[in-house]
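Read off the chains here:
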Amino acid sequence: MDAGANTYLIRPNYKDKFKAGAVRECVREILREQLYGVQYNPDEVPTLTTSLADSIKNKLRDMGFDRYKLIVQVVVGEQRGEGVKMAARCFWDADTDSYAQEIFMNDSLFCVAAVFGVYYY
């Protein structure tokens, strides 16, 4: 590539786009590995959520989403059979930006992990 060439990209190449399906599988794998057999303990939840979010973020960096800002949100709660509703709102470009989410549940806890990929122009 020419040293003086313009490197500004207004849209990602198809192969560089945020792939929600691949991200969801990655998140599912991490949640299963780190939460299998874990019992809900309110004293450990802050550390657990931070650890899960960091693991997800670090694994996604290796997937090559270089021009994407990744936002990882993890919620862990006690499994009591009650319903939980979550919502998120933001402005984004539907052509380049996307999200993936995964839910893990066992007899003691539930975990919802959401990853938002926002293309950095």
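Remember, predicted model here, so these are calculated numbers, not experimental data.

**A closer look at the environment of Phe-110**
- Relative to the helices and strands, Phe-110 resides in strand β3 (residues 109-119).
- For the pair formed by Phe-110 and Arg-80, sequence separation is 30 residues and the distance between their alpha carbons is 9.4 Å.
- Discounting residues that sit within four places of it in the chain, Phe-110 has contacts with Val-75, Val-76, Gly-77, Glu-78, Gln-79, Val-84, Phe-104 and Met-105.

**Some points on the packing of aromatic side chains**
- Counted under the stated rule, the structure contains eight aromatic pairs.
- Measuring from ring centre to ring centre gives 5.9 Å for Phe-18 and Tyr-68, while their planes differ by 45°; the resulting arrangement is tilted. Of the two residues, Phe-18 is situated in the segment before α1 (20-35) and Tyr-68 in strand β1 (residues 68-78); the sequence distance between them amounts to 50 residues.
- Residue classification places Tyr-68 among the buried residues on the basis of a relative accessible area of 8%.
- The interplanar angle of 25° and the centroid separation of 6.4 Å between the aromatic rings of Trp-92 and Tyr-99 together place this pair among those described as stacked.
- The partly exposed category is assigned to Trp-92, whose relative accessible area is 34%.

Here is what the cut-offs are and how they apply
- Residues numbered from 1 in each chain as written.
- Predicted model: local features only at pLDDT ≥ 70, side-chain atom pairs only at ≥ 80, totals over all residues.
- Heavy atoms only, no water.
- Helix = DSSP H or I, 4+ residues; strand = E, 2+ residues; numbered from the N terminus.
- Contact = heavy atoms within 4.5 Å.
- Phe/Tyr/Trp six-rings, centres within 6.5 Å; stacked < 30°, edge-to-face > 60°.
- Buried < 20%, exposed > 50% of the residue type's maximum accessible area, 1.4 Å probe, protein only.

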